[in-house]
Amino acid sequence: MAEKVFYITTPIYYVNDVPHIGNASTTIAADVVARLKRLQGRRVLSVTGTDENAIKVAETAQAQGMSPQEFVDSIVPSWIEAWKRMHISYDVFIRTTEPRHRHVVETVFTKLLEQGDIYKDIYKGWYCVSDETFFRETEVVNGLCPNPECRRPVRWVEEENYFFRLSAYQDRLLQYIEEHPDFLQPEFRKNEVISFIKAGLRDACVTRKAYGWGILVPGDPDKVIYVWFDALLNYITAAGYLQDEKQFAETWPADIQLVGKDIFVRFHST
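First, a word on what this report is: a plain description of the structure on this page.

Reading the values: rules and limits
- Residues numbered from 1 in each chain as written.
- Predicted model: local features only at pLDDT ≥ 70, side-chain atom pairs only at ≥ 80, totals over all residues.
- Heavy atoms only, no water.
- Pairing = 2+ DSSP bridges.
- Helix = DSSP H or I, 4+ residues; strand = E, 2+ residues; numbered from the N terminus.
- Buried < 20%, exposed > 50% of the residue type's maximum accessible area, 1.4 Å probe, protein only.
- Right-handed = clockwise from strand over helix to strand, strands pointing away.
- Core = buried A, V, L, I, M, F, W, Y, C linked by side-chain atoms within 4.5 Å.
- Expected span 1.5 Å × (residues − 1).
- Contact = heavy atoms within 4.5 Å.
- Axes fitted to C-alpha atoms, helices over the stretch in contact; angles between N-to-C directions.
- Phe/Tyr/Trp six-rings, centres within 6.5 Å; stacked < 30°, edge-to-face > 60°.
- Lys NZ or Arg CZ within 6 Å of the ring centre and 35° of its normal.

### Let's talk about the sheet that holds strand β10 (residues 220-225)
- Spatial ordering of the open sheet is given by β8-β10-β9, a layout of 3 strands whose pairing is antiparallel. Both outer strands of the open sheet, β8 (207-209) and β9 (216-217), are each paired with one neighbouring strand and no more.
- The sheet contact formed by β9 and β10 spans 2 bridges and is antiparallel. Note on β10: the bridge partner recorded for V217 is D220.

### Details of the pairing of strand β1 (residues 6-14)
- Most of β1 sits out of view: 9 of its 9 residues are buried.
- Bridging between β1 and strand β2 (residues 44-51) involves 7 bridges; their strand directions are parallel. Across the sheet, residue Y13 finds its bridge partner in β2, namely T50.
- This β-α-β element, β1 to helix α1 (residues 21-39) to β2, shows right-handed connectivity.
- Relative to strand β11 (residues 256-257), β1 runs parallel, the two being bridged by 2 bridges.

### Quick notes on the nonpolar core
- Core analysis: the largest hydrophobic core is formed by 37 residues, its most contacted members being Y7, F109, I118 and F229.
- Sorting elements by how many residues they give to this core places helix α4 (residues 99-114) first, with 5 residues.
- Core analysis: the next-biggest nonpolar cluster, separate from the first, contains 30 residues, A54, W79, Y127 and V157 among them.

### A few points about helix α3 (residues 68-85)
- Taking 1.5 Å as the rise per residue, α3 with 18 residues should run 26 Å; its terminal C-alpha atoms sit 26 Å apart, in good agreement.
- When we look at burial in α3, the residues that qualify are P68, F71, V72, I75, V76, W79, A82 and W83.
- Of the surrounding elements, those touching the buried residues of α3 are β1, α1, β2, α2 (55-63) and β3 (92-95).
- Looking one or two residues beyond α3, the residue adopting positive phi is H87, at roughly 60°.

### Here's the deal with the sheet that holds β2
- Here we have 4 strands laid out as an open sheet, ordered β3-β2-β1-β11, and parallel in their pairing. The open sheet has two edge strands with one neighbour each: β3 and β11.
- The sheet contact formed by β2 and β3 spans 4 bridges and is parallel. Paired with T48 across the two strands is F93, which belongs to β3.
- Its contacts with the sheet put α1 on β1, β2 and β11, and the angle it makes with β1 is roughly 165°.

### Some words on the packing of aromatic side chains
- Enumeration according to the criterion identifies 15 aromatic pairs in this entry.
- An angle of 80° between the planes, with centres 5.7 Å apart, marks the rings of F109 and Y162 as edge-to-face. With F109 in helix α4 and Y162 in strand β6 (residues 155-164), this pair connects stretches of sequence that are 53 residues apart.
- An angle of 80° between the planes, with centres 5.1 Å apart, marks the rings of W126 and W156 as edge-to-face. Of this pair, W126 sits in strand β4 (residues 118-128) while W156 sits in strand β6, and the two are 30 residues apart along the sequence.
- Taking relative accessible area as the criterion, W156 reaches 42% and is therefore assigned partly exposed.
- One aromatic cluster is present, formed by Y7, Y241, F248 and W252 through successive ring pairs.
- In this arrangement the basic side chain of R208 is found over the ring face of Y127, its NZ or CZ atom lying 4.4 Å from the centre.

What follows is the structure, given as structure tokens:
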């Protein structure tokens, strides 16, 4: 059997603005590790890209008098140029508006729906557009996002949506983290995630009412797939899922996935 490809990813970055120093620091870190592994003779897949199917992207586009697609197409080149000017040597730059990614998202959503892991119900609760995150009522104080990095006003959402049975995976997630102590780093972030899981995982709302932007729910065009469900699947899309079976088998799972702090750690870990 061929040696596993060393797979390292950055987060995929929101494109509601141009790159900033935080984006650069994560991408540089990934490039340093990828270059080291290549020098050691390893086959490497280094991936970065852009997260484009968010409500805040659509709202930014509207504010600038552009369609969402026109807006993302106009701003993505600034990201590619930034990494070029910094001599960052990624192997794949993935955009979540690409047809290959849309196909993966639609296929995974349909499979989970068919096997009963996704079901339809009514969502009532608070939503932060900036973080693209649903929050429990007990988490929201004075109508503000509880994420200390955000603290923007949240919106009350009440609509029929699809939910993923995340609660059914609570014990398996805890067991995996405990059996693989290096899976989440640094240690204090791992402890935060463990505490979050032990507090009780709720089933996750994985769609939103269609607002003219995003990947439509297969067979239900009145709804779009929630950006965090869509975005996280980029990692398997970039590795060749549903496109190159041999490449995917030799690449997945990722060896290192670099993510931002706070809310991003929670989504990637659960």
